[in-house]
Amino acid sequence: MRWNLRLAAANRGIWKASELQRQLAQRGLVISAGKMSGLWSGNPASIKLDDLDIICAVLGCGVEELLIPEPDKVNQPVADAEPKALTGTNGPVVTPKRRDGRSLPPE
């Protein structure tokens, strides 16, 4: 996903992060300068859904304008790396152990 806050804000005449930060604070979303820098630069570490609601309300936009999907960046599956069905015949034998510490009877 590509974060598109800066362009969405510019389309509404908001050119500075501090101006958006002030408008968000008026709606009850107080953001630190560090987090605002991450949101504005296009590389937010994370964002809460409640915060996203407020950002959309302030900008008068939908989530689809802020979060742009980039399916081309997703790794494509490799034909040789397909998961194999687990049949129980491959791998080590697992022997169950009793919880009380005693050994199981011999087979």
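Just so we're clear, the structure is a prediction, and the values are computed from it rather than from any experiment. (Residues numbered from 1 in each chain as written. Predicted model: local features only at pLDDT ≥ 70, side-chain atom pairs only at ≥ 80, totals over all residues. Heavy atoms only, no water.)

## Considering the environment of Q26
By the element assignment, Q26 lies in helix α2 (residues 17–26). A relative accessible area of 59% places Q26 in the exposed class. For the pair Q26 and V58, spaced 32 residues apart in sequence, the C-alpha separation works out to 9.3 Å. (Helix = DSSP H or I, 4+ residues; strand = E, 2+ residues; numbered from the N terminus. Buried < 20%, exposed > 50% of the residue type's maximum accessible area, 1.4 Å probe, protein only.)

## A word on the packing of α2 against helix α4 (residues 49–59)
Their axes nearest at 10 Å, the elements α2 and α4 cross at an angle of 110 degrees. The angle between α2 and α4 falls in the class roughly perpendicular. In this structure, α2 uses L20, Q23 and L24 to contact α4, whose residues at the interface are I54, I55, V58 and L59. For the contact of α2 with α4, the per-class residue count stands at six nonpolar, one polar and no charged. (Axes fitted to C-alpha atoms, helices over the stretch in contact; angles between N-to-C directions. Parallel < 35°, antiparallel > 145°, perpendicular 65-115°, else oblique. Contact = heavy atoms within 4.5 Å. Nonpolar A, V, L, I, M, F, W, Y, C, P; charged D, E, K, R; others polar.)

## Things to note about the nonpolar core
The tendency in soluble globular proteins is for nonpolar side chains to be buried side by side. Counting 19 residues, the largest nonpolar core has L5, L20, L24, I55, L59 and L66 as the members making the most contacts within it. Of all the elements, α4 adds the most residues to this core, at five residues. The contacts of L24, once residues within four sequence positions are left out, are L29, I31, M36, I54, I55 and V58. (Core = buried A, V, L, I, M, F, W, Y, C linked by side-chain atoms within 4.5 Å.)

## Comments concerning the pattern of salt bridges
Taken as a whole, this structure holds four salt bridges when the rule is applied. Taking the shortest distance from any N to any O, the salt bridge between E65 and R12 comes out at 2.8 Å. With E65 in helix α5 (residues 63–66) and R12 in the loop between α1 (5–10) and α2, this pair connects stretches of sequence that are 53 residues apart. A salt bridge links K73 to E70; its shortest N-O distance comes to 3.3 Å. What makes E70 partly exposed here is its relative accessible area of 23%. Salt bridges linked by common partners bring R2, E70 and K73 together as one network. (Salt bridge = Lys/Arg side-chain N within 4 Å of Asp/Glu carboxyl O.)

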